[in-house]
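Chain by chain, the residues:
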Amino acid sequence: MEFDTQIEARGTSFRFGGFVAPEFRGVADAFVENFVSEEELGAACSVVLGGETVVDIWGGWRDGARSRPWDAPTTVCMMSVAKGVTAICFNMLIDRGLVEADDLVIDYWPEYGCNGKEKTRIRHFLDHTAAVPVLTTNKLWPGAMFDREAIVGALEEQEPLWEIGTKAAYHVHHQGFLLGEIMRRLTGKTVGPFLRDEVAGPLNAEYYIGGMTAEEEAAVAEVIPNMNAALFAAKDGQDQRSLKALAFRQNPDEPWAVTMNKPEWRQVEVASGSGHGNARGVARIYGALGNGGSLDGVELMSMDTLEAMIVEQHNQTEALQERPYHQALGVLLNTPEAVYMGPNMRSFGHHGIGGSIGFCDPDAGIGFSYCCNQMHAVGTNGPRAARLIDAFYAAEA
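This report concerns the structure included in the present document. What you see is a predicted model, and the numbers here were worked out from it, not measured in a lab. (Residues numbered from 1 in each chain as written. Predicted model: local features only at pLDDT ≥ 70, side-chain atom pairs only at ≥ 80, totals over all residues. Heavy atoms only, no water.)

### A look at helix α1 (residues 25–37)
Taking 1.5 Å per residue as the helical rise, α1 with its 13 residues ought to reach 18 Å, and the 18 Å between its terminal C-alpha atoms agrees with that figure. Of the residues making up α1, those classed as buried are Val 27, Ala 28, Ala 30, Phe 31, Val 32, Asn 34 and Phe 35. Those residues of α1 that are buried lie in contact with β1 (5–9), β2 (12–20), β3 (42–49), β4 (52–60) and α14 (382–396). (Helix = DSSP H or I, 4+ residues; strand = E, 2+ residues; numbered from the N terminus. Expected span 1.5 Å × (residues − 1). Buried < 20%, exposed > 50% of the residue type's maximum accessible area, 1.4 Å probe, protein only. Contact = heavy atoms within 4.5 Å.)

Given below as structure tokens:
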């Protein structure tokens, strides 16, 4: 059924559009409630069930000035949702027999094996135990995050901060660069081009990591970071020796809001965080995995590879954010106290700071995504996503 309504809430009007199957009308109601009782500005939610889209709704405003409505093609930076999509791309290479999780990194990237890193395995990149979450050997310069070759070179030089494989620390920016360099050496493509050619393009999924065209950039919403979020605040915080602060030493010397809304952020490939897309696109990617690994004739991976991808590697309170995660091979497993994905503990995906999320429930055949531009400050994926997830599963029951 068509979803087309308008409300007055919190001193302004919000317009909504899209489609929702009648049995999932509760998801649309929950979506509207987010604009009434939360700080929602613009958002979208989409769900693929058994290979069919059953929810695809959007609404609100693209910008803080409330001058541009959030419409069907609107995209937004979904932050670390990119980590899950990058992990899917990398596990596709495992599925094709190009690489194995237990392989040594130096078998593909010999230059990485210096300064005590020669025993690093591919799985250490995937599960955040590579012991190089920040740069301390060659710290580079503010703005170096926009220079892929410089970051890759510094990671080659970097000494591990502790014994590899023994302790998890969220590789905020570095995971994407590490996996992307392996992908480049295997396929000739880093994450962004591989995603466009092998996943998003064939699936008609609006999700990009770098390299956006002018037309694609025109659909991007303003993203509004919440500086009360511990990770955002750390960049300019008092303790500049913390892992959280060191992780952002290569950011430009400017506010987060400037960095994340400039054209360079849409062009650069930071495959751990600069992904731009919408709920419809991300739900189609996870929906393919929930549909036996394929959607509309596009196969991403076999079920054997999918099951191997979601084997838990560890359940630690990782050292950078000091947040507990059930960690699989690149994707997170359902961790209700940190990243909530509904009732099935086998659900997997990734959230982004501020609230966006994409995940798959492989047993129920679900691909779910929610994205927003007004970020929240809480350490989890937050009440807005949770309200939508709960509404969907309540209708499923």
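On we go from here.
### Describing the nonpolar core
One recurring pattern in soluble globular proteins is that nonpolar side chains are buried together. Of all hydrophobic cores here, the largest spans 127 residues; its most connected members are Tyr 207, Leu 289, Leu 300, Phe 348 and Phe 368. Top element by residues in this core is helix α2 (residues 81–95). It accounts for ten residues. Excluding residues within four positions of it along the chain, Leu 300 makes contact with Ile 88, Met 92, Asp 95, Glu 198, Val 199, Leu 203, Ile 285, Ala 288, Leu 289 and Gly 293. (Core = buried A, V, L, I, M, F, W, Y, C linked by side-chain atoms within 4.5 Å.)

### Structural notes on the pairing of strand β14 (residues 357–361)
Burial runs high along β14: five of the five residues are buried. Here β14 shows a buried face lined by Ile 357, Phe 359 and Asp 361 and a second buried face lined by Gly 358 and Cys 360. The pairing of strand β13 (residues 348–351) with β14 spans four bridges and is classified as antiparallel. Each bridged residue has a counterpart across the sheet, and for Gly 349 the counterpart in β14 is Phe 359. (Pairing = 2+ DSSP bridges.)

### Overview of the packing of aromatic side chains
Tallied over the full model, the rule gives 14 aromatic pairs. With centroids separated by 4.9 Å and ring planes inclined at 40°, the aromatic side chains of Trp 109 and Tyr 112 adopt a geometry described as tilted. Per residue, the accessibility class of Trp 109 equals that of Tyr 112, and both read buried. Residues Phe 248 and Trp 256 carry aromatic rings whose centres are separated by 5.0 Å and whose planes lie at 85° to one another, so their mutual orientation is edge-to-face. (Phe/Tyr/Trp six-rings, centres within 6.5 Å; stacked < 30°, edge-to-face > 60°.)

### A look at the sheet that holds β2
One open sheet holds the ten strands; their spatial order is β1-β2-β4-β3-β15-β14-β13-β12-β11-β10, and the pairing between them is antiparallel. In the strand order of this sheet, the two ends are held by β1 and β10 (314–317), each with one partner. Note that β2 and β4 share five bridges and pair antiparallel. Of the residues in β4, the one forming a bridge with Phe 19 is Asp 56. Against the sheet, α2 contacts β13 and β14, and its axis sits at roughly 145° relative to β13. Packed on one face of the sheet, α14 meets β3, β4, β14 and β15 (366–372) and runs near 150° to β15. (Axes fitted to C-alpha atoms, helices over the stretch in contact; angles between N-to-C directions.)

### What about unusual backbone geometry?
One non-glycine residue, Arg 66, lies in the positive phi region at around 55°. On the secondary structure map, Arg 66 appears in the loop between β4 and β5 (76–77). We classify Arg 66 as partly exposed; its relative accessible area is 31%.

### Observations regarding the pattern of salt bridges
Considering all chains together, one arrives at 23 salt bridges under this definition. The shortest N-O distance in the salt bridge between Glu 254 and Lys 262 comes to 2.9 Å. Of the two residues examined, Glu 254 and Lys 262, each falls in the buried class. The network of salt bridges with shared partners includes Glu 111, Arg 148, Glu 149, Glu 181, Arg 184 and Arg 185. (Salt bridge = Lys/Arg side-chain N within 4 Å of Asp/Glu carboxyl O.)

### Some words on the sheet that holds strand β6 (residues 207–209)
Spatially, β5-β7-β6 is the arrangement adopted by the three strands of the open sheet, whose pairing is antiparallel. The sheet is open, and its two edges are formed by β5 and β6, each paired on a single side. The pairing of β5 with strand β7 (residues 275–277) spans two bridges and is antiparallel. In the strand pairing of β7, Val 76 is matched with Gly 277.

### A look at the pairing of strand β11 (residues 324–327)
Sheet analysis places β10 next to β11, joined by four bridges and oriented antiparallel. Residue pairing for β11: Gln 316 is matched across the bridge by Tyr 325. Here β11 pairs with strand β12 (residues 332–333) via two bridges, running antiparallel. Directly across from His 326, in β12, lies its bridge partner Leu 333.

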